[in-house]
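Residues per chain are reported as follows:
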Amino acid sequence: MSPKENLLSQPRRARRAGRVRGRALLLFRLARQDIRHHAAQAVLLVVAIAAATAVLSLAFALNGVKANPYQQTMAATKGPDVVAQSGNDPYTGVTSPADLAALMALNHAQGVTAHSGPYPIVGDTGPVGPILRSTDLVTSVQVEGREPGGAAVDQPEVTDGTWIRPGGVVVERSFAEAANLHLGQVITLNGRPFQVVGFAVTSAFGGFPGTSLIWATEAAARSLATQADPLSYISNLMLSDPSPPAVDAFVNAHSSGNESSPFLTSWTAVAYGDASFLRTDQAFLFTGATLLGLLALASVAVLVGGRLAEGTRRVGLLKATGGTPGLVAATFLAENLFLALVAAAAGLLAGWGAAPLISRPEADLVGTPGAPPLTLAMVVVALGVALAVALASTLVPAIRAARMSTVGALADTARLPKRRGSLIRLSRKLPVPVLFGLRLVARRPRRAIFSAASIAVAVMGLVAALAIHAAVDIKFSHFGRSGGLVDPDVPRAEQVLTAITISLVVLAALTVIFAALATVLDSRRASAVTLALGATPQQVRAGLIMAQIIPALPGAILGLPLGLGLFKVAGRGLSGLPPVLWLVAAVLGTVVVVAALTSIPARIGLRRPIAEMLQAEAT
Amino acid sequence: MNDSVAMLVHARGLRKDYGSGEGLVRALDMVDLDVNRGEAVAVMGPSGCGKSTLLHLIGGLDRPSAGQLTVAGQRVDELSERALAHLRRDEIGFVFQTFQLMDELTAQENVELPALLAGYSPSEARARAIALLERVGLADRARHLPSMLSGGQRQRVAIARALVNNPDIVLADEPTGNLDSASAFDVLSLLGDLHAKGLTLVIVTHDERIATTADRLISMRDGAFVDETRLTGGSRGNLSTFAEWEHLG
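Describing the overall build of chain A
Here is step 1: Scanning chain A from N- to C-terminus turns up 22 helices and twelve strands.
Here is step 2: Counting over 619 residues, chain A shows a buried share of 48%.
Here is step 3: A separation of at least 24 residues holds for 87% of the contacts in chain A among residues at least 6 apart in sequence.

Focus: the overall build of chain B
Here is step 1: A count of helical and extended segments in chain B gives nine helices and ten strands.
Here is step 2: The proportion of buried residues among the 249 residues of chain B is 54%.
Here is step 3: For chain B, restricting intrachain contacts to residue pairs at least 6 apart in sequence, the fraction spanning at least 24 positions comes to 70%.

Examining the sheet that holds strand 7 (residues 169-173) of chain B
Residue and element names in this part refer to chain B.
Here is step 1: Taken together, six strands build an open sheet; the order of strands is 6-7-8-3-9-10 and the sheet is mixed. Looking at strand neighbours, the two that pair on one side only are strand 6 (92-95) and strand 10 (224-230), the edges of this open sheet. The average angle at which neighbouring strand axes cross in this sheet is 15°, direction not considered.
Here is step 2: Pairing of strand 9 (residues 216-221) with strand 10 involves six bridges; the strand directions are antiparallel. Bridge assignment links serine 219 to a residue of strand 10, and that residue is aspartate 227.
Here is step 3: In the packing of helix 6 (residues 151-163) onto the sheet, the strands contacted are strand 6 and strand 7, and the crossing angle to strand 6 comes to about 170°.

Focus: the interface of chain A and chain B
Here is step 1: Each side of the interface is counted separately: chain A has 31 residues, and chain B has 31 residues.
Here is step 2: Counting only elements with at least two residues in the side of chain A that touches chain B, the list comes to helix 1 (3-9), helix 2 (12-37), helix 11 (312-320), helix 12 (325-358) and helix 14 (406-411) of chain A.
Here is step 3: Considering each element in turn, the side of chain A that touches chain B owes the most residues, twelve residues, to helix 2 of chain A.
Here is step 4: Residue composition of the side of chain A that touches chain B, grouped by class: ten nonpolar, twelve polar and nine charged.

Side note on the sheet that holds strand 1 (residues 7-18) of chain B
Here is step 1: The four strands are arranged 2-1-4-5 (chain B) in an open sheet whose pairing can be described as antiparallel. Across the chains shown, the open sheet's two edge strands, defined by having one partner strand only, are strand 2 (25-36) and strand 5 (74-75) of chain B.

A short note on the packing of helix 2 of chain A against helix 4 (residues 107-118) of chain B
Here is step 1: Following both chains from N to C, one finds helix 2 of chain A and helix 4 of chain B inclined at 135°, their axes separated by 9 Å at the closest point. With respect to each other, helix 2 of chain A and helix 4 of chain B are oriented oblique. When the axes of helix 2 of chain A and helix 4 of chain B are compared, the crossing they make is left-handed. Counting all contacts with helix 2 of chain A, which are made through Gly22, Arg23, Leu25, Leu26 and Arg29 of chain A, the residues of helix 4 of chain B involved are Glu109, Leu113, Leu116 and Leu117 of chain B.
Here is step 2: In terms of residue class, the contact of helix 2 of chain A with helix 4 of chain B is made up of five nonpolar, one polar and three charged.

Re the pairing of strand 6 of chain B
Residues and elements named next belong to chain B.
Here is step 1: Burial along strand 6 is two-sided: the face carrying Ile92 and Phe94 and the face carrying Gly93 and Val95 are both buried.
Here is step 2: With four bridges connecting them, strand 6 and strand 7 associate as parallel partners. Each residue of the ladder has a partner; that of isoleucine 92, found in strand 7, is isoleucine 169.

Details of the packing of helix 4 of chain B against helix 5 (residues 122-135) of chain B
Residue and element names in this part refer to chain B.
Here is step 1: Interaxial distance between helix 4 and helix 5 falls to 8 Å at its minimum, and their mutual angle equals 125°. Considering their axes alone, helix 4 and helix 5 lie oblique with respect to each other. The interaxial crossing formed by helix 4 with helix 5 has right-handed handedness. Along its contact with helix 4, which presents Ala107, Gln108, Val111, Glu112, Ala115 and Leu116, the element helix 5 presents Ala125, Arg126, Arg128, Ala129, Ile130, Leu132 and Leu133.
Here is step 2: Taken together, the residues of the contact of helix 4 with helix 5 sort by class into nine nonpolar, one polar and three charged.

A look at unusual backbone geometry
Here is step 1: The phi dihedral of aspartate 154 of chain A falls on the positive side, at around 55°, and the residue is not glycine.
Here is step 2: Tracing the chain through its elements places aspartate 154 of chain A in the loop between strand 5 (142-146) and strand 6 (157-161).
Here is step 3: A residue is classified by how many C-beta atoms lie within 10 Å of it, and aspartate 154 of chain A, with 26 of them, is buried.
Here is step 4: Phi at methionine 30 of chain B is positive, roughly 50°, even though this residue is not glycine.
Here is step 5: Position of methionine 30 of chain B relative to the elements: it lies in strand 2.

Some words on the nonpolar core
Residues and elements named next belong to chain A.
Here is step 1: Residues Ile49, Val55, Leu295 and Val300 are the most contacted members of the largest nonpolar core, which totals 189 residues.
Here is step 2: Ignoring anything within four residues of it in the chain, the contact list for leucine 295 reads Ala48, Ser454, Val457, Ala458, Leu504, Leu507 and Ala508.
Here is step 3: Judged by nonpolar contacts, the second largest core, of 53 residues, contains Leu106, Ile187, Ile214 and Ala225.

Examining the confidence of the model for chain B
Residue and element names in this part refer to chain B.
Here is step 1: Chain-level pLDDT for chain B is 85 on average; 91% of the residues reach the 70-or-more range.
Here is step 2: Put simply, helix 9 (residues 240-248) is where chain B has its lowest mean pLDDT, 50, and strand 4 (residues 66-71) is where it has its highest, 94.
Here is step 3: Per-residue pLDDT stays below 50 along residues 233-237; that stretch engages in 13 contacts with residues further than four places along the chain or on separate chains.
Here is step 4: Predicted complex, confidence summary: ipTM 0.77, pTM 0.67.

Details of the environment of serine 86 of chain A
All names here are of chain A.
Here is step 1: Its location among the elements puts serine 86 in the loop between strand 1 (82-85) and helix 5 (97-106).
Here is step 2: C-beta crowding within 10 Å serves as the criterion here: with 29 such atoms nearby, serine 86 is assigned to the buried category.
Here is step 3: As a C-alpha pair, serine 86 and phenylalanine 263 span 177 residues in sequence and 6.4 Å in three-dimensional space.
Here is step 4: Beyond its immediate sequence surroundings of up to four residues, serine 86 is in contact with Thr95, Asp99, Leu100, Leu103, Pro118, Ser232, Tyr233 and Pro262.

Some words on the environment of arginine 82 of chain B
Here is step 1: Looking at the secondary structure, you find arginine 82 of chain B in helix 3 (residues 81-91).
Here is step 2: Judged by local crowding, arginine 82 of chain B falls into the exposed class, with 12 C-beta atoms found within 10 Å.
Here is step 3: Non-local contacts of arginine 82 of chain B, meaning those with residues more than four positions away in its chain, are made with Thr324 and Pro325 of chain A.

Section: helix 3 of chain B
Here is step 1: Within the span of helix 3 of chain B, buried status applies to Leu84, Ala85, Leu87, Arg88, Arg89 and Glu91 of chain B.
Here is step 2: On its buried side, helix 3 of chain B packs onto helix 11 of chain A together with strand 4, strand 5, strand 6, helix 4 and strand 7 of chain B.

Let's talk about the environment of alanine 204 of chain A
Residue and element names in this part refer to chain A.
Here is step 1: Relative to the helices and strands, alanine 204 is located in the loop between strand 9 (192-201) and strand 10 (213-217).
Here is step 2: Along the sequence, alanine 204 and methionine 74 sit 130 residues apart, while their C-alpha atoms lie 8.2 Å from each other.
Here is step 3: When near neighbours in sequence (up to four residues on either side) are disregarded, alanine 204 contacts Gly79, Pro80, Val83, Asp154 and Asn236.

Re the pairing of strand 2 (residues 112-122) of chain A
All names here are of chain A.
Here is step 1: Pairing analysis gives eight bridges linking strand 2 to strand 11 (residues 231-239), with the strands arranged antiparallel. Counterpart to alanine 114 in the pairing with strand 11 is methionine 238.
Here is step 2: Pairing of strand 2 with strand 5 involves two bridges; the strand directions are antiparallel. In the strand pairing of strand 5, valine 122 is matched with valine 143.

Comments concerning helix 9 (residues 267-274) of chain A
Here is step 1: Every buried residue belonging to helix 9 of chain A is among Trp267, Val270, Ala271 and Asp274 of chain A, and all of these are buried. Viewed along the axis of helix 9 of chain A, the buried residues span an arc of 100°, placing them on a single side of the element.

Observations regarding the confidence of the model for chain A
Here is step 1: When pLDDT is averaged along chain A, the result is 80; 83% of the residues meet or exceed 70.
Here is step 2: The low-confidence segment residues 478-482 of chain A, where pLDDT is below 50, has five contacts with residues more than four positions distant or belonging to other chains.

Calculation rules
- Residues numbered from 1 in each chain as written.
- Chains lettered and ligands numbered in written order.
- Predicted model: local features only at pLDDT ≥ 70, side-chain atom pairs only at ≥ 80, totals over all residues.
- Helix = DSSP H or I, 4+ residues; strand = E, 2+ residues; numbered from the N terminus.
- Buried ≥ 20, exposed ≤ 12 C-beta atoms within 10 Å, placed from the backbone.
- Contact = placed C-beta atoms within 7 Å.
- Pairing = 2+ DSSP bridges.
- Axes fitted to C-alpha atoms, helices over the stretch in contact; angles between N-to-C directions.
- Nonpolar A, V, L, I, M, F, W, Y, C, P; charged D, E, K, R; others polar.
- Parallel < 35°, antiparallel > 145°, perpendicular 65-115°, else oblique.
- Left-handed = near helix turned anticlockwise from the far one by under 90°.
- Core = buried A, V, L, I, M, F, W, Y, C linked by C-beta atoms within 7 Å.
- pLDDT = per-residue confidence, 0-100.
- Arc of directions from axis to C-beta.

Written as C-alpha cells, this is what we have:
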C-alpha cells in the first residue's frame, strides 16, 4: 500500500486531526523561523503596535483610577456629600439674614445625618477676593472661616504644620505649592499679616487653579470682608445615602435656581471637576493613540512589504511544493497576527501599569491611586486595534503573495518600473544619484507610499505638539499664569504630549531605517551593476539616500497642514500658530534626519565586494 | 496496462507566450509530448530554448497560453490555482538547479514541508522525512541548516523533499548544474537508483553525457522540439551509467 493510500485508509476523523496538527506545525515552524530570521523587524512590528495599544489602554485605564484619590481624601477629611453655599443678592452679593436662614434650614433637611457650618467665606462671590501678598506674589484668594477645633463634617486633613489659630492660617496644599508658600512664612491678606501655620487638603472644594483656598479663624475671615467682597456662608452636609443618584436627587430637590436660594454642589461634581486634568490627558492620549495607530499601520506595511520582497523565493518554494494560495496567505497572516497579539498584550500591560503613574494625585488630594481594573472593554479594544493594524497592513501583501506567479516568485524577480517615455527623457537630465533613487522608488511604489505616510504622521504629531506649545506660551504671555502662578495641569499635559511626540518620532525613525534597509537589500544587484558600470560608491549611496528622501519630502510637507489641522481639532480651544521658522525647521529637519538615518544601512549595504553582490540574486 | 494509465504526461499543441505586441516572446511553440510511467526523459537545448518553460508547465508552476496538457490524468490547462497546488503536492516532485531549500529550516524540516502540506500528521511527516534522508545518505545531517551542507548534500535533501509525498513524476531542472563532479556523481547515482525502481523522470540538462543515459532524449531550439531519440527502447533506462563513468574515470 502506497503512503498516499495508507493515508486515505485512516479513519476520517484521525485523518482530519492529523492534517490540522500538521498544518498547525507547519504554520508555527514557518512563523518561528521567519521571526528568528527577521528578529529586528519582528521587534519593531511589536513595538509599533504595542505603542499604539499602550497609549490607548492608558487612556481607557484612567477612567478606573481617577476616582480613587478623591475618595481616599473624602474618607480622611470626613468629606461632605453636599456643599451648600448661601444665596445672595444678585446685585450687591450680600447674604441677607433670610438667605442665611435658608442655608441653615438645609442642615436639618430630610436625609441629612450630619453637618458642619455655616462657615463664613470671603472671596467666593466678589469680583476679586482678598488680596494675598507674599515676598514674590500678589494674587486673590478665598478665605473660609473655621473653628480651631475639629468639625463633624469636612475637617481638612493637615498634611504639614498645624490647624488654624488666631493670627495663623492654613493654606490648601495645591495652592500653597503653586504659590511657593512655606510653613512659618508671613503673608498679608488685604494688608493684614498672618503666619502660614499649616497646609491641608479637603474634598469639599476642587484644588488650584479652580480655587485658591485659605482657612483662617471665623473672626479673621469676617474681618476680611469688604463692600466689594461681602461674606457668604458654607454648610457641609452628610447624607444618609451618599450614592450619586441619591445625592443628585437631594441637590435637585433643594435647588430652586434663583440666586437668593442656596447653591448646592454634590461630591460627584467636585470629584468630576477635580479630575479635569485627567480628561485633558485622556484627550491627548486618545489623539496620540490614533496617531500611533496610523503610524503603526504605515510602519507595519513597510516592514511586511519589505519581508515579502525578501521572502518572495520562499513564497515560490511553498507554492512549488504544493502550498495552496490560501495556505501561502495564511502563513503571512498567521505570523503577523501572532506578533500583533503579543504586541496587544504588551501594550495593554504597559498602559495599565502606567495608569497609576500618570494619574498620581495632585497636591489637592491625599492617598494613592490603586491599579485600575483591567476591564473586558480595555482588552477587547487593545486586541481589536492591534489585530486591525496587523490585518490592514498584511492583507494586501498576503493576497499578493497568494496570487504571485510560482515561477516568478522562485526566480525572485524585482518589480520593474513601468516604462514611460516622458520619465525616461526626464531621467536622462537628472544627476546619477537622483536618477538611481527615482528608479528604486519606481521599483517599490507601495513601500514609498507607506514611507511617505509614516513621515507624514510623525510630522503631523510634531507640528501639532509645536502648535500646542506655542499656543500655551501665547496664552500665558497674554493673560499671565493665573496671577503669576502656573496651572499644574499645563506642564503635565505638555509632558504627555511630548512623550507621545517622542514615541511618534522614534517609531518613524525606526521605520525609515527599516525601509532603507529593505531598499538596500533588494537593490543590491542594481547597485552592483551600477558600480560595475563605473558609478562611484558615493553616487550609489547618494542614490539610496535619494530613494528615501523622495517619499520623505512630500510626506513631511503633507504632515504640515495635517498637524495644524490636528491642532485645531484636538487643541482644546487653544489658538495661535507656531512661528513659521519652527515649521520650516520641522520639515527640513525631517528630511535631513531621514538622509542621515538612511546613510547607515546604505553604507553597510555597499561594503560587500561587487562580485559578491552580483552573485547575490543568481544563487 | 492501457495507454491512459501508462501515459503520465500528454501534451498537444502546447504554447507559451510572454509579453505582448512587439515585445511578445514565444517560449514554447506547438509542442507535443508524451511521457510514459517509469520513463526517464532528458530535454536538452541551448539557453532560452524553452526547456525550463516546458518543465514549469508540466509541473503546474505556470499555465500554457494555448494547447492541452494532461498530467497524471488531470488537465493542467483547466485547473484552478488550488487544484494546481494539489497536483504539485500529490503527483509531482521538483528538483531545482539552485536547490530552492528554505534556508531557515533544517534538512529534515525541509523534507517534512510537502508532507505537512499534503495533510500528513507531524509524526508521519517526521517518519517519512527521516526514512528519506537515510535513503539519500543524510540521516546524520537531518538537523543541519542548508547553509551547513555542501552543494551535493543540499541537492540530495532537495531530492528527498521531492520524494516525500511519493509523487508519480519527478521534474529535475539542471539538477547537477551547480555541482562539482563528485557531487554530480552522488546526485545522478541517486536519481539513477530511483529511476531503476520505477520513478518517472523528466530532466532538463545542458550536459549531453547525462542526457544520453536517459530512455529518451528530446532536443529543443527556439521553443520547439527539433529532435527526439529513443536511447534504450525500454522503460528502465540506465541513468546511473554516466555516474559510473564519472566515478570510474
